[in-house]
Amino acid sequence: MEFLTQPSQAMPEGTVLAEARHVRQFYHKDSAADVQVLDDVNLTLHAGEIVGLLGRSGSGKSTLLRILAGLLPPTSGEVLWKGQKLAGPITEIAVVFQSFALFPWMTVEENVALGLDANGVPASERDVLVENAISLIGLGGYENAWPKELSGGMQQRVGLARALVVRPALLLMDEPFSALDVLTAENLRTDLIELWSEKKLPVQSMLIVTHNIEEAVLMCDRIVIASSNPGRVAHVLHVPFAHPRNREDTAFRQLVDHIYALMTQRAPIISEADLAGGAQAAPLAPSFRALVPVSITMMIGMMEALAASPLNGRADLPVLAEKLQLELDDLFPLGESLELLALAELEDGDILLTNEGVHFVLSDLEERKAIMGHALRHYVPLVKTICSTLDERPNHAVKAERFRDELEASMSPDYARQTLQTIIGWARFAELFDYDEESDRFFLEDEAGE
Amino acid sequence: MMSMAGGWFMVVYSESISVGNTEVVLPGIGSYVGRAIDQKDIAAIGAAIAAMMAVILLYDQLLFRPLAAWATRFRLGGGDGGVQVVEPWFLRFLRRTRLISSFGDALFLAARKISYLKLGRAVGVARPSSSSGRGVSEWLWRGFLVVVFLAALFLVGRYTYETYAMAEVGHVFVLGGITMLRVMSMLLLASVIWVPLGVWLGLDPVRARRAQLAAQYCAAFPANLFFPVFVVGIVHFNLVPDVWLTPLMILGAQWYILFNVIAGASSLPAELLEVCRSLNVRGWFWWRRVLLPGIMPYYLVGAVAAAGGAWNAAIASEMAQWGDVTLVAHGLGAYIAQATLRGDINQIGLGTVIMCVLVMLLNTLFWRPLSDFAARRLKLN
Ligand SMILES: Nc1ncnc2c1ncn2[C@@H]1O[C@H](COP(=O)(O)OP(=O)(O)O)[C@@H](O)[C@H]1O
Ligand SMILES: [Mg+2]
């Protein structure tokens, strides 16, 4: 690999830097059919633009980022870098991770210099480059600190400086601000955009992976919305606003609302014919839907807030987020879960309670449990399966492993565990069944009483 | 698991022990091997090794795995602490079998009754105590301890002075130094072999899991059963005992290093390694700046355990017999072993005390500072 200490030759704005062509990615499962994570993804990154990749968690954003970085070869399809096939990581493409990925045994300066030291850049040149990157990114004075002495925001600055010091043409960032608190994240976003607007960053293009809609609208020139299961490019939007952007601006709000609407659109119903033709990918029976960890108390809190005046059963999602002091990203899983249980509906970026939802809010605890139990049995096929299995069994107990295996056929073990955990929490509230962690079994409550 | 290995080792070693003229032979695999050594019966040694392998395998499957899996429920920090424990088949069997589980319930109920018995004073009704009275008795107690300590020191000093020539004490320290040199060089050798291999194994999750199991099994095996095989070789080829007996002491202890290096390598966050690939960090630079610091805290845990094991094994390995041939290497282990044969309680005492002193010094002056440094600087969050 050749190392560039000069900024890679600046391309005129608009030239194609990286291009993903028909990228598909499967993850191999030794138990069942391979799981398809990306399906026919086409994406082009041009010089001079910031692109946001927006999608729910689990839609394959991180996978796509790794493929673009050359860290992961796609199962099929290819990535072109300046017209040439990308065969592995190159120093012209740098990565920043959500977890910062700093080396705790290196000082800030050593972390930043890693890419230069590894590639034998002469000491004098190295020192200048490191110094420049450190002061550019606002780390001056922290050169000799250890990463763990720094706050999250400062740590991510180190991650940025380390990526920028090798003067890459393309910077790929995987949810770079998600691990930071709201104020710190905002501060870092603003600084980064300012440097970009003033053309002080050595990079020619940036890709920001995020599940935060406002963040995407705030920073990007183009937003790519991914759909899930498997990940596809669902929409591409241009953001026409000049930097610096104002969140309160009407046009800004409208675009955010529009994206909310796009992301809350119901997935197109897949016809039988599609399934039959869809070859390898395991058909996604509804029982195999991954559930995000959403607690019952959060759901109830949200429904109560929705029902109360001044909302009276219907609210704009961003408005509701503000009222509940939730991050927009936390709102999605909540709304989705309520929708799944038919207690609320998402529509054009709004959320509204259904009749059943209103009924729920007006009921006492016993009745709430009954409503929830009914909804779970009705709308969460996995719960239904577990319940009927428990009813059939003479001892009213069943191993959870079985269901976990079934889930793992269509999702990663982590998601499967998470999904089961969520279901257990819901079922406990509704007193449908209980779970014993020790023996990893579901069982019916009255049986356990002995 | 690790300390079980030490247990097996000592049982095998001590089953047939002779102090001076008194020979105590307990029936068991250790004494069987002892007899086989006397009679130069290599086939019998092979049989003993095979039998031991089977025993350890059973013991591992039937006792240890179920216990370890069960113990995870006491771990702090939730179920998904990284390691995922697969329910061992025997534990599943225990949990599923009605008879056993009702027996278990009965036991549990009985235990609960016992634990509810009112014993002792109730908590919270502390006896009112005058603080001044407590202060005085505490000082009396401390003073008493100091007196006892000084008296003991005096007695030990007088005993040492009367029993040992200074030259002998010095000589034993030199022997200790030789053994220490052996321990450290063997650690180095084992590290050179197992660190790269362990890293290679540990970076691949599937390989790592399998290798962990294998290393665990090897570590549980009492390595001294293999000693006679080596000794036969040394006798046969007429090799220098001082050099060739040395590897025996690391035979059982090396697995601690492998085990921990694998654990260290597999615990490195994937994103750190991806950053390296992305920045073209590789080769020796990658080893030096990323990998070795990353696994160091784990490696040190393994190395400390291995050093302890090697010191232990020194007594069993620096002197070896095959029929009527006795091989002796120079060292503190051999000194203690020979003194034991002669039944010289004074020499045994001196050797043991000096070994303890050396090990303690090594721990405080070498391992402890290193481990502290690793914990402070190298720990991944
Ligand atoms: N190494 C892997 N093995 C198996 N499945 C994986 C692996 N990495 C990711 N996945 C699965 O691929 C899907 C997409 O993951 P990811 O790319 O991390 O999505 P996102 O970043 O959008 O949350 C998830 O369902 C995840 O479980
Ligand atoms: Mg991700």
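Every chain begins its residue count from 1, and numbering advances along the sequence as written. Ligands are numbered from 1 and chains lettered from A, in the order in which they are written. With pLDDT at 70 or above as the cut-off, local features in this predicted model cover only qualifying residues; side-chain atom pairs require 80 or more to be listed or tallied, and sums for whole chains, interfaces and linings still use all residues. In computing side-chain properties, one takes all heavy atoms of the structure into account and sets aside hydrogens as well as water.

Explain the overall build of chain A to me, using residue names and the numbers behind them.
Counting secondary structure elements, chain A contains 17 helices and 16 strands. For the radius of gyration, the atom set is restricted to C-alpha positions; the globular benchmark scales as 2.2 Å times the number of residues to the power 0.38. Scaling as 2.2 N^0.38, a compact globule of 450 residues should have a C-alpha radius of gyration of about 22 Å, and chain A matches this with 24 Å. Oriented by its inertia axes, the alpha-carbon framework of chain A measures out at about 75 × 50 × 45 Å. Buried residues are those whose accessible area, probed at 1.4 Å on protein chains only, stays under 20% of the maximum for their type, while exposed residues exceed 50% and partly exposed ones sit between those limits. With 450 residues in all, chain A has 52% of them scored as buried. Put simply, DSSP H or I for four residues or longer makes a helix, DSSP E for two residues or longer makes a strand, and each gets a number counted from the N terminus.

Could you give an account of the site of ligand 1, with specific residues and numbers?
All names here are of chain A. What surrounds ligand 1 is the set Y27, V37, R56, S57, G58, S59, G60, K61, S62, T63, S412 and Y415. Protein contact buries 72% of the 560 Å² of open area that ligand 1 shows by itself. Counting residues per element, the shell around ligand 1 draws most heavily on helix α1 (residues 61-69), at three residues. Just so you know the grouping, Ala, Val, Leu, Ile, Met, Phe, Trp, Tyr, Cys and Pro go in nonpolar, Asp, Glu, Lys and Arg go in charged, and all remaining residues, Gly too, go in polar. Of the residues belonging to the shell around ligand 1, the class tally is three nonpolar, seven polar and two charged. Being near a molecule or strand, for a residue, means having at least one of its heavy atoms within 4 Å of it. Only the protein chains shown count as cover for residues, and all accessible areas are computed by the Shrake-Rupley method using a 1.4 Å probe.

Describe a nonpolar patch on the surface, listing the residues and the values that go with them.
All names here are of chain B. Nonpolar side chains collect at one region of the surface, where F173, V353, V357, L361, L365, F366 and L370 lie side by side and expose about 590 Å² of accessible area between them. Residue contributions to the nonpolar patch peak at six residues, all from helix α16 (residues 345-378). Among the structural elements, F366 can be located in helix α16. The class for F366 is partly exposed, based on a relative accessible area of 34%. Nonpolar side chains (Val, Leu, Ile, Met, Phe, Trp, Tyr) are joined into patches within 5 Å and like charges within 9 Å, using only residues with over 30% relative accessible area and no salt bridge. Whenever a carboxyl oxygen of Asp or Glu lies within 4 Å of a side-chain nitrogen of Lys or Arg, that contact is scored as a salt bridge.

Give me the lowdown on the interface of chain B and chain A, citing residues and values where you can.
Contacts between chain B and chain A engage 30 residues on the former and 33 residues on the latter. For the pair chain B and chain A, the two sides together bury roughly 2,800 Å², of which 55% comes from carbon and sulfur. A salt bridge links E271 of chain B to R66 of chain A; its shortest N-O distance comes to 3.7 Å. In the analysis that follows, any N or O atom pair within 3.5 Å is treated as a polar contact, provided that within protein one partner can donate a hydrogen and the other can accept it, and provided that, for residues neighboring in sequence, both atoms belong to side chains. Counting across the interface, chain B meets chain A through seven residue pairs in polar contact (both at pLDDT 80 or more). For the side of chain B that touches chain A, the elements supplying multiple residues, two or more each, are α4 (89-96), α13 (270-278), α14 (283-317) and α16 of chain B. Looking at the side of chain B that touches chain A element by element, the count peaks at seven residues for α13 of chain B. A per-class count over the side of chain B that touches chain A returns eleven nonpolar, five polar and 14 charged. Contact criterion: two residues are considered in contact whenever any of their non-hydrogen atoms come within 4.5 Å of each other. The quantity reported as buried area is the accessible area (1.4 Å probe) lost by two parts once they are put together, taken as the sum for both.

Before we move on, could you go through the domain arrangement of chain A and cite the residues and values that matter?
Reports often express the size of an interface as the amount of accessible area lost when the parts come together. Residues and elements named next belong to chain A. Each domain of chain A was delimited in the assignment, giving domain 1 (16-264) and domain 2 (281-448). Here domain 1 packs against domain 2, burying approximately 1,700 Å² in sum over the two surfaces, 58% of which is carbon and sulfur. Here domain 1 and domain 2 share one salt bridge between them. Measuring nitrogen to oxygen at the nearest pair gives 2.4 Å for the salt bridge that ties E336 to R56. For the interface between domain 1 and domain 2, the tally reads one residue pair in polar contact (both at pLDDT 80 or more). Elements with a contribution of two residues or more to the side of domain 1 that touches domain 2: β2 (35-46), α6 (213-219) and α7 (250-264). Residues that form the side of domain 1 that touches domain 2 fall into these classes: nine nonpolar, seven polar and six charged. Domain extents, as shown, originate in an automatic or database domain assignment.

Describe the environment of A416 of chain A, listing the residues and the values that go with them.
Residues and elements named next belong to chain A. As for its position among the elements, A416 is in helix α16 (residues 413-430). Of the residues examined, A416 reaches a relative accessible area of 0% and is grouped as buried. Residues A416 and F403 lie 13 residues apart in sequence; the distance between their C-alpha atoms is 9.0 Å. Other than its neighbours up to four places away in sequence, A416 contacts R404, L407, E408 and M411.

So, the pairing of strand β4 (residues 76-81) of chain A: which residues are in play, and what are the values?
Regular strands place side chains that alternate from one sheet face to the opposite one. All names here are of chain A. By this definition, two strands are paired if DSSP reports at least two bridges between them. With five bridges connecting them, strand β1 (residues 16-27) and β4 associate as antiparallel partners. Residue pairing across strands places R24 opposite S76, the latter belonging to β4. Sheet analysis places β4 next to strand β5 (residues 84-85), joined by two bridges and oriented antiparallel. Considered in β5, the bridge of L80 is made with K85. Once β4 ends, the chain turns through two residues before running back antiparallel as β5, passing K82 with a positive phi of about 45°.

Can you lay out the sheet that holds β1 of chain A for me, pointing to particular residues and giving the numbers?
All names here are of chain A. Here we have four strands laid out as an open sheet, ordered β2-β1-β4-β5, and antiparallel in their pairing. Every interior strand has two partners, whereas the edge strands, β2 and β5, have only one. Contacts between α1 and the sheet are confined to β1, β2 and β4, with β2 contributing the most and set at about 55° to the helix. To get an axis, a line is fitted to the C-alpha atoms, and for a helix only the part in contact is used. The angle between two axes follows their N-to-C directions and goes from 0 to 180 degrees.

Got a sec to walk through the packing of aromatic side chains? Specific residues and values, please.
Pairing of aromatic rings covers Phe, Tyr and Trp, the last through its six-membered ring, and needs centres within 6.5 Å; plane angles under 30 degrees mean stacked, over 60 mean edge-to-face, and all others mean tilted. Per the counting criterion, the structure on display carries eleven aromatic pairs over all chains. For the pair W286 of chain B and W287 of chain B, a centre-to-centre distance of 5.6 Å together with 80° between the ring planes defines the contact as edge-to-face. Since its relative accessible area comes to 16%, W286 of chain B is described here as buried. Overall, the relative accessible area of 24% leaves W287 of chain B in the partly exposed class. An aromatic cluster of at least three residues, connected via ring pairs, comprises F403, F433, Y435 and F442 of chain A.

I'd love a proper account of the nonpolar core, names of residues and values included.
Judged by nonpolar contacts, the single largest core of 237 residues is most densely connected at L171, I259, M372, F433 and F442 of chain A. Among the elements that line this core, the one with the most residues is α14 of chain B, at 15 residues. Those residues within four positions of F433 of chain A in sequence are excluded, and the remaining contacts are V383, I386, C387, L390, I423, A427, R428, F442, F443 and L444 of chain A. By nonpolar core we mean a set of buried residues, namely Ala, Val, Leu, Ile, Met, Phe, Trp, Tyr and Cys, connected to one another through side-chain atoms within 4.5 Å.

I'd like a rundown of the sheet that holds strand β16 (residues 441-443) of chain A, residues and numbers included.
Note: strands within a sheet are paired through backbone hydrogen bonds, in either parallel or antiparallel orientation. Residues and elements named next belong to chain A. Strand order in this open sheet of three strands is β14-β16-β15, and the pairing throughout is antiparallel. With one partner strand each, in any of the chains shown, β14 (397-399) and β15 (434-436) form the two edges of the open sheet. Neighbour to neighbour, the strand axes of the sheet diverge by 25° on average, direction disregarded. Seen against the sheet, helix α15 (residues 401-408) touches β14, β15 and β16 and runs at an angle of roughly 45° to β14.

Describe helix α2 (residues 108-118) of chain A, with residues and values.
Considered for burial, the residues of α2 of chain A that qualify are V108, N111, V112, A113, L114, G115 and L116 of chain A. In this structure, the buried side of α2 of chain A is in contact with α3 (123-136) and α4 (152-164) of chain A together with α14 of chain B. The first or second residue beyond α2 of chain A is G120 of chain A, which carries a positive phi of 60°.

Please give an account of helix α10 (residues 317-324) of chain A that cites residues and values.
Residues and elements named next belong to chain A. Of the residues making up α10, those classed as buried are L317, P318, L320 and A321. The arc that holds the buried residues of α10, viewed along the axis, is 160°, so those residues lie on one side. On its buried face, α10 is in contact with α7, α9 (296-307), β11 (314-316), α11 (328-340), β12 (344-347) and β13 (350-353). Looking one or two residues past α10, Q325 carries a phi angle of roughly 55°, positive in sign. Arc definition: directions from the helix axis to the C-beta atoms.

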